[in-house]
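Topology and contacts: notes
These are the residues of each chain, in order.
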Amino acid sequence: MFKRFTLFILLAFGICSQVLATDKMYGVISGGYTESEFDLTKADTASYKFAVGYQFHRQWYLELGYQQLADEDLASVLPTTLEEVDSFEPGLQGDALFAAFLGKAGNNMGELFYRVGILKADMKGQSLIPQGSCEVGEGSDFALGTGENYTLCRYDDSNVAAVLGIGFDFYVGARSMVRFEVEHIRGENDLAINAAYLGVRYNF
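Cut-offs applied
Along each chain, numbering runs from 1 in the same order as the chain's sequence is written. In keeping with the predicted nature of the model, local features appear solely for residues at pLDDT of at least 70, side-chain atom pairs appear and are counted solely at 80 or more, and the whole-chain, interface and lining totals rest on all residues. No hydrogens and no water enter the side-chain calculation; it runs on all heavy atoms of the structure. Put simply, DSSP marks the helices as runs of H or I at least four residues long and the strands as runs of E at least two long, and each gets a number from the N terminus on. Exposure categories follow from relative accessible area, calculated using a 1.4 Å probe and restricted to protein chains: below 20% of the type maximum is buried, above 50% is exposed, and the middle band is partly exposed. Contacts: residue pairs with any heavy atoms within 4.5 Å of one another. Two N or O atoms form a polar contact when they lie within 3.5 Å of each other; inside protein one atom must be a possible hydrogen donor and the other a possible acceptor, and for residues adjacent in sequence the pair counts only when both atoms belong to side chains. Aromatic pairing here means that ring centres of Phe, Tyr or Trp (its six-membered ring) are within 6.5 Å. Orientation follows from the plane angle: under 30 degrees is stacked, over 60 is edge-to-face, and everything else is tilted. By definition here, charges over rings are those cases where NZ of Lys or CZ of Arg is within 6 Å of the ring centre and within 35 degrees of the ring normal.

Quick look at the overall build of the protein
Per the secondary structure count, the protein includes 3 helices and 9 strands. Going residue by residue from the N terminus, the α and β elements of the protein occur as α-α-β-β-β-α-β-β-β-β-β-β. Buried positions account for 42% of the 204 residues belonging to the protein. By sequence separation, contacts in the protein at least 24 residues apart represent 62% of the contacts at least 6 residues apart.

Re the side chain of aspartate 122
As for its position among the elements, aspartate 122 is in strand β5 (residues 110-130). Classification of aspartate 122 by relative accessible area gives buried; the value is 13%. A distance of 3.1 Å separates the side chain of aspartate 122 from the side chain of lysine 120, its partner in a polar contact.

Regarding the packing of aromatic side chains
Going through the model one piece at a time under the given rule, you end up with 9 aromatic pairs. Taking the centre distance of 4.5 Å and the plane angle of 55° together, the rings of phenylalanine 168 and phenylalanine 170 count as tilted. For phenylalanine 168, a relative accessible area of 16% gives the class buried. An aromatic cluster is present here, built from Tyr48, Phe50 and Tyr66 joined pairwise through their rings. Its guanidinium or amino end placed over the ring of phenylalanine 98, lysine 49 lies 5.1 Å from that ring's centre, counting from NZ or CZ. The cationic tip of lysine 49 hangs over the ring face of tyrosine 197; the distance from NZ or CZ to the ring centre is 4.9 Å.

As structure tokens, this is what we get:
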């Protein structure tokens, strides 16, 4: 995914090479925290995102970028007792490419903005259910030593999702800004993510 993001950004810069001279491009690097849910699995993890933006109207930006959605290790050992089933923690990993429009309003402190966009999320993970059919991915049946039967579902799936967010870019220099934003992502297969980020924006 990261290689695709790098190629994506290089192409964006190449296509916008003439735009760069208009002094309306910027880049953003942010770190934060996400609460992610996909299928039956939940994960609360650190996150990061990169983006490039272009101001095509005095009140509108277009941003293209990459973000990590979840980064939990996948479980490698199956439970063997009911106690282990109760404490079993399936893993969840995910990242996405996104495109978003930002409507903004400025003042002497910075720019307030709201985000409306779409992203392609690649989610990889597991879920544990009583023996049956997995709603997402493929399942492997197994039995506990006490006779109970379960299914471990494994998936590696691409999903389309919508994103809504709000944030503020604070002026800290002639070309640099500090960004704080929160966003909500909702997509296929019960994908639901709440995220908060703190980052740096640099205007080219």
